[in-house]
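Breakdown of the fold
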Amino acid sequence: MLNLPPKRWKKARLEPQGQGAYVLTFLTPLRDRAEFKAILREDIEMCLDEGDRVTRANWEERSLTLEIADYKAFRRRLVYVNILLEDPAAT
């Protein structure tokens, strides 16, 4: 049986901005704008619930502004798409 190569883990920070808004900033270096867009399309959008949305994507800052209703569920889903969040207590 063949196995697909594992996706590499991406480290990020998720910071609350108030009233269900969060900024997700990638700490792991990303190769280019195309990789950033692919992560947004293939990983982040899969983690969003109905009604959640990406309100801003900024390649230069490697960040996304999100509106999320269920923060804990969103954090759990990120693990399934190989995004590891930095522990807020570590900063």
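Residues numbered from 1 in each chain as written. Predicted model: local features only at pLDDT ≥ 70, side-chain atom pairs only at ≥ 80, totals over all residues. Heavy atoms only, no water.

For Arg62, which is not glycine, the phi torsion reads 55° and is therefore positive. In this fold, Arg62 is placed in the loop between strand S3 (53-58) and strand S4 (63-67). Owing to a relative accessible area of 26%, Arg62 belongs among the partly exposed residues under this scheme. (Helix = DSSP H or I, 4+ residues; strand = E, 2+ residues; numbered from the N terminus. Buried < 20%, exposed > 50% of the residue type's maximum accessible area, 1.4 Å probe, protein only.)

Moving on, we come to a nonpolar patch on the surface. Together, Trp9, Val79, Tyr80 and Leu84 line one region of the surface with nonpolar side chains, adding up to about 490 Å² of accessible area. A relative accessible area of 44% means that Val79 is categorised as partly exposed. (Patch = residues over 30% accessible without salt bridge, like charges linked within 9 Å, V, L, I, M, F, W, Y side chains within 5 Å. Areas by Shrake-Rupley, 256 points an atom, 1.4 Å probe, with all protein chains shown as cover. Salt bridge = Lys/Arg side-chain N within 4 Å of Asp/Glu carboxyl O.)

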